[in-house]
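Geometric and topological summary
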Amino acid sequence: HDKSIFLWKVYGEDDCNFNVLAGHKNVVLDLCWNRDGSKVVSASADKSVGVWDVNQGRRTRTLSKHSAVVNSVGLGEGNL
């Protein structure tokens, strides 16, 4: 079970892992990308949601007031 998010470039000839987003204390259960691909939102069994800057490779926000495991995330129109 992995607590990190591995970002891969999967197009073109040079498939490579270009970043690892680390910081959750338990398994990452779901991901959602924003429309322009600059941010990832993650749901985790550590009862938190993370908002990540893909280019900088760091978490920019943590929503940790959940009382139970966060199983999924989604973004509405115009968010992030």
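A brief structural summary. (Residues numbered from 1 in each chain as written. Predicted model: local features only at pLDDT ≥ 70, side-chain atom pairs only at ≥ 80, totals over all residues. Heavy atoms only, no water.)

Looking at the element boundaries, Glu-77 is found in the segment after β6 (58–63). Note: C-alpha distance between Glu-77 and Ser-48 (29 residues apart in sequence) is 22 Å. (Helix = DSSP H or I, 4+ residues; strand = E, 2+ residues; numbered from the N terminus.)

The next point concerns the side chain of Ser-44. Assignment of secondary structure puts Ser-44 in strand β4 (residues 39–44). You can call Ser-44 buried: its relative accessible area is 0%. In this structure the side chain of Ser-44 is engaged in a polar contact, spanning 3.0 Å, whose partner is the backbone oxygen of Val-27. Those residues in contact with Ser-44 that lie beyond four places of it in its chain are His-24, Asn-26, Val-27, Val-28, Leu-29, Val-69 and Val-70. (Buried < 20%, exposed > 50% of the residue type's maximum accessible area, 1.4 Å probe, protein only. Polar contact = N/O pair within 3.5 Å; in protein donor to acceptor, adjacent residues only side chain to side chain. Contact = heavy atoms within 4.5 Å.)

Note: strand β1 (residues 5–9) against strand β2 (residues 16–21), 5 bridges, orientation antiparallel. By the bridge assignment for β2, Lys-9 is matched with Cys-16. A loop of 6 residues connects β1 with β2, the two strands running antiparallel in sequence, and Gly-12 in this loop sits at a positive phi of about 80°. (Pairing = 2+ DSSP bridges.)

Here we take up the sheet that holds β6. Strand order in the open sheet made by the 4 strands is β3-β4-β5-β6, with antiparallel pairing throughout. Each edge of the open sheet carries a strand with a single partner, namely β3 (28–33) and β6. Between one strand axis and the next, the sheet turns by 25° as a mean value, whatever way the strands run. Two elements, strand β5 (residues 49–53) and β6, share 5 bridges in a ladder whose sense is antiparallel. When the sheet's bridge partners are listed, Val-51 is paired in β6 with Arg-61. (Axes fitted to C-alpha atoms, helices over the stretch in contact; angles between N-to-C directions.)

The quantities given are spatial measurements derived from coordinates; they are silent on function.
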